[in-house]
Amino acid sequence: MTEAGTFDDLFAGADSPKPPFLESRSYMIHGEMLKWPGETETVYSPVMKKLADGGEAIPIGTFALVDEKVSLEAAECCRKAFNQGRGEWPAMKAEGRIKAVENFVRKIKEKRDEIVELIMWEICKSKPDAEKEFDRTMQYVLDTIVDYKNEQNKESSVVAAPGYMAKIRRVPLGVVMCSSPTNYPYNELYTTLIPALLTGNCAVVKVPRTGGLCHLPTFELFAECFPAGTVAMLTGKGRTVMQTIMKSGMVDAFAFIGSTKAAIDLTKVHPRPNRLKLCLGLEAKNPGIVFPDADIDLAVAECTTGSTSYNGMRCTAIKIIYLHSSIKDEFMEKFCKKVDSLKMGLPWESGVKITPLAENDKAKYLNGLVTDAVEKGAKIANERGGKYDRTLYAPTILFPVKDGMKVYEEEQFGPVIPVTTFDDVEEVWADLLKSNYGQQAAGECSELFIPLTVVKSNLTISDLKMTNMRIRPFCLQFSAGAPIPLPNPLTF
């Protein structure tokens, strides 16, 4: 379904911007920037040269492949800095930790342009999306500080229960190991690292092998803004760095976004897995459900954005569309035209929506899913579908998909869009209950078709405060109080 050069005119030529090249052997532990004398890895951009210029990948930097010894040294440094909660950082008052994080934000904002450029070239996120990732991350950090202050205020309150009055305070867990994914390397790291630090934990950070360059300019800022040993920043192979640290047992909490297999492989080697606190974000097969009374034009627009934004390489992307049979013809006609109208190109181009895929061999994997579905009865519904050239893959709509096809069951994490139909919404609920994955769902309708039980579940989820998500995974809760006489038991 592809020919070499199919999208050659979309790749980099003589008129393309000059790529960055960040050569680094740096890692950071003990609050010091250190140079790794050993092996390094070259990072290549998914942006390829035109065939006339060789057609090869463009190198944009190097990073250190630190070994097991350095990995253990980093973990030991953080363990000593935590010192069972008596170290400088965990014992510091909340106001001091907040000031340190705010100082870090001020300094990192000065590197915005450099970080955005690296995100664009390394994972091919469009310039507006790369800028949004940086800006949204900074806003998230500031919002987390506000939530943390609110949590601190609550801790000054007295909680009463039958026969008791107490003050509840939260204390840090210890050493947290954080790792971020390729698709949102910057944002997803800070959504776990910053809450962990604010609450007094020390952290070992392993940046991703793909998407890690954008973190290198921040290493010196962590060394400058936080006490020695509070943060360690490492680059290298996951099995070398993370598995070594996990085996040591020096990790008290693990914040990880990636595959279930990787999470299991890492956590099972911890010597005390029953005591390991986990904060995981794993696969998803998020459905988009289009009901019979949906506004078709609106549904088409939302399903297009939901399934193709950043090439569909988002945890929250729509990964399968359930379409009511009564509207399938109108929806599919408009949906195919809309998807085929998306501009393909390079991340710095104006209006580009589909960019080269960041993961190695991703296009071949997606082509395998398409081939499997077609062999089992699905059709490529859109004119441009099924075409790819090296790292560029045209958004491909498969219809109708069914159980037994790989794309029906696996998280494709790319611009392949499986569509199936339903007559009764109970068919959809049955499918979702069988899935190994679960994260969110999108519904397109003008009236409420969703059963009451699902509505209640959604309300419960939306009622959870962001403080629970940001702060509490990295704290233990303690109460200190004494029995008091109460006139009557509290009743509800």
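Novice: I keep staring at the overall build of the protein chain and nothing clicks. Help me out?
Specialist: What the protein chain contains, in helices and strands, is 16 helices and 21 strands. A burial count over the protein chain gives 52% of its 492 residues as buried. Across the protein chain, contacts joining residues at least 24 apart in sequence account for 76% of those joining residues at least 6 apart.

Novice: Would you mind showing me how to read the pairing of strand S2 (residues 26–29) here?
Specialist: Two faces, one strand: in a regular strand the side chains alternate between the faces of the sheet. The side-chain alternation of S2 yields two buried faces, one formed by Ser 26 and Met 28 and the other by Tyr 27 and Ile 29. Between S2 and strand S3 (residues 32–35), which follow one another and run antiparallel, lie two residues, and His 30 among them has a positive phi close to 60°.

Novice: Looking at this structure, I do not really get the sheet that holds strand S14 (residues 320–324). What am I missing?
Specialist: Whenever strands of a sheet pair, they do so through backbone hydrogen bonds, lying parallel or antiparallel. Strand order in this open sheet of six strands is S15-S18-S19-S14-S13-S20, and the pairing throughout is mixed. Looking at which strands have only one partner, the edges of the open sheet turn out to be strand S15 (379–380) and strand S20 (442–444). Sheet analysis places strand S13 (residues 287–290) next to S20, joined by three bridges and oriented parallel. Across the sheet, residue Val 290 finds its bridge partner in S20, namely Glu 444.

Novice: Got a minute to help me understand the nonpolar core in this structure?
Specialist: General note: in soluble globular proteins, nonpolar side chains tend to be found buried as a group. If you look at the biggest cluster of nonpolar residues, it comprises 85 residues, and the most contacted ones within it are Ile 108, Tyr 186, Tyr 190, Phe 222 and Phe 226. By size, the runner-up hydrophobic cluster in this structure holds 28 residues, among which are Val 70, Ala 74, Ala 232 and Ile 245.

Novice: What should I look at first to understand the environment of Tyr 437 in this one?
Specialist: Mapping Tyr 437 onto the fold places it in the loop between helix H14 (425–434) and S20. Distance from Tyr 437 to Lys 285, taken between C-alpha atoms, is 5.9 Å for residues 152 residues apart in sequence. Ignoring anything within four residues of it in the chain, the contact list for Tyr 437 reads Glu 283, Ala 284, Lys 285, Glu 409 and Glu 411.

Novice: Quick question: what am I supposed to make of the pattern of salt bridges here?
Specialist: Should their charged atoms come close, side chains of opposite charge can pair. Taken as a whole, this structure holds 24 salt bridges when the rule is applied. Where Asp 265 meets Lys 268, a salt bridge forms, and the shortest distance between an N and an O atom there is 3.7 Å. Here the salt bridges do not stand alone but share partners, grouping Arg 239, Lys 261, Asp 265 and Lys 268 into one network.

Novice: Looking at this model, I keep getting lost on the sheet that holds strand S5 (residues 57–64). Mind explaining?
Specialist: Taken in spatial order, the three strands of this open sheet run S1-S5-S4, and their pairing is mixed. The open sheet has two edge strands with one neighbour each: strand S1 (22–23) and strand S4 (40–48). Two strands pair when backbone bridges link them, and S4 and S5 are joined in this way by seven bridges, in the antiparallel orientation. Bridge pairing in S5 places Met 48 opposite Ala 57. On top of the sheet, helix H4 (residues 112–123) reaches S1, S4 and S5; it is set at about 80° to S4, its chief contact.

Novice: Help me understand the packing of aromatic side chains in this model?
Specialist: Here the distance between the centres and the angle between the planes together describe a pair of aromatic rings. In the structure shown here, the tally under the stated rule is 14 aromatic pairs. Residues Tyr 388 and Tyr 393 carry aromatic rings whose centres are separated by 5.4 Å and whose planes lie at 15° to one another, so their mutual orientation is stacked. Residue Tyr 388 is classed as buried on the basis of its relative accessible area of 13%. Using a relative accessible area of 0% as the deciding quantity, one classes Tyr 393 as buried. A connected cluster of aromatic rings, assembled from ring pairs, spans Trp 89, Phe 104, Phe 134, Tyr 186, Tyr 190, Phe 222 and Phe 226. Over the face of the ring belonging to Tyr 184 we find Lys 125, whose NZ or CZ atom lies 3.3 Å from the ring centre. The ring of Tyr 310 has Lys 125 lying over it, and the distance from NZ or CZ to the ring centre is 4.7 Å.

Novice: Is there a simple way to think about the environment of Glu 131 in this case?
Specialist: Turning to its location among the elements, Glu 131 is positioned in helix H5 (residues 127–155). Linking Glu 131 and Ile 119, residues 12 residues apart in sequence, is a C-alpha distance of 9.0 Å. Not counting chain neighbours up to four residues away, the residues in contact with Glu 131 comprise Arg 112 and Val 116.

Novice: Please clarify how the layout of surface pockets should be interpreted in this entry.
Specialist: Rolled over the atoms, a probe with the dimensions of a water molecule shows which regions are left empty. As a volume, the second largest pocket reaches approximately 1500 Å³. Together, 48 residues line the second largest pocket, and Thr 182, Arg 209, Thr 210, Glu 359 and Asn 360 are the ones closest to its centre. Where the lining of the second largest pocket is concerned, the elements lending two or more residues are S4, S5, helix H8 (238–248), strand S11 (253–257), helix H9 (260–267) and helix H12 (362–375). Looking at which element gives the most residues to the lining of the second largest pocket, the answer is S4, with seven residues. The residue inventory of the lining of the second largest pocket, partitioned by class, reads 20 nonpolar, 13 polar and 15 charged.

Novice: Sorry, what's going on with helix H11 (residues 328–340) here?
Specialist: Side chains of residues three or four places apart in an α-helix project in the same direction, reflecting 3.6 residues per turn. The end-to-end C-alpha distance of H11 is 18 Å, a good match for the 18 Å that 13 residues give at a rise of 1.5 Å each. By the burial criterion, the buried members of H11 are Phe 331, Met 332, Phe 335, Cys 336 and Val 339. Angularly, the buried residues of H11 cover 125° about the axis, an arc narrow enough to put them on a single face. Set apart from the buried face of H11 by more than 90 degrees, the exposed residues are Asp 329 and Lys 337. Against S13, helix H10 (296–308), S14, strand S18 (396–399) and strand S19 (416–422) lie the buried residues of H11.

The rules behind the values
Residues numbered from 1 in each chain as written. Predicted model: local features only at pLDDT ≥ 70, side-chain atom pairs only at ≥ 80, totals over all residues. Heavy atoms only, no water. Helix = DSSP H or I, 4+ residues; strand = E, 2+ residues; numbered from the N terminus. Buried < 20%, exposed > 50% of the residue type's maximum accessible area, 1.4 Å probe, protein only. Contact = heavy atoms within 4.5 Å. Pairing = 2+ DSSP bridges. Core = buried A, V, L, I, M, F, W, Y, C linked by side-chain atoms within 4.5 Å. Salt bridge = Lys/Arg side-chain N within 4 Å of Asp/Glu carboxyl O. Axes fitted to C-alpha atoms, helices over the stretch in contact; angles between N-to-C directions. Phe/Tyr/Trp six-rings, centres within 6.5 Å; stacked < 30°, edge-to-face > 60°. Lys NZ or Arg CZ within 6 Å of the ring centre and 35° of its normal. 1 Å grid on protein atoms, 1.4 Å probe; cavity = no way out; pocket = protein on both sides within 12 Å on 5 of 7 lines; lining within 4 Å. Points joined across faces, edges and corners; volume = space filled by probe spheres on them. Nonpolar A, V, L, I, M, F, W, Y, C, P; charged D, E, K, R; others polar. Expected span 1.5 Å × (residues − 1). Arc of directions from axis to C-beta.

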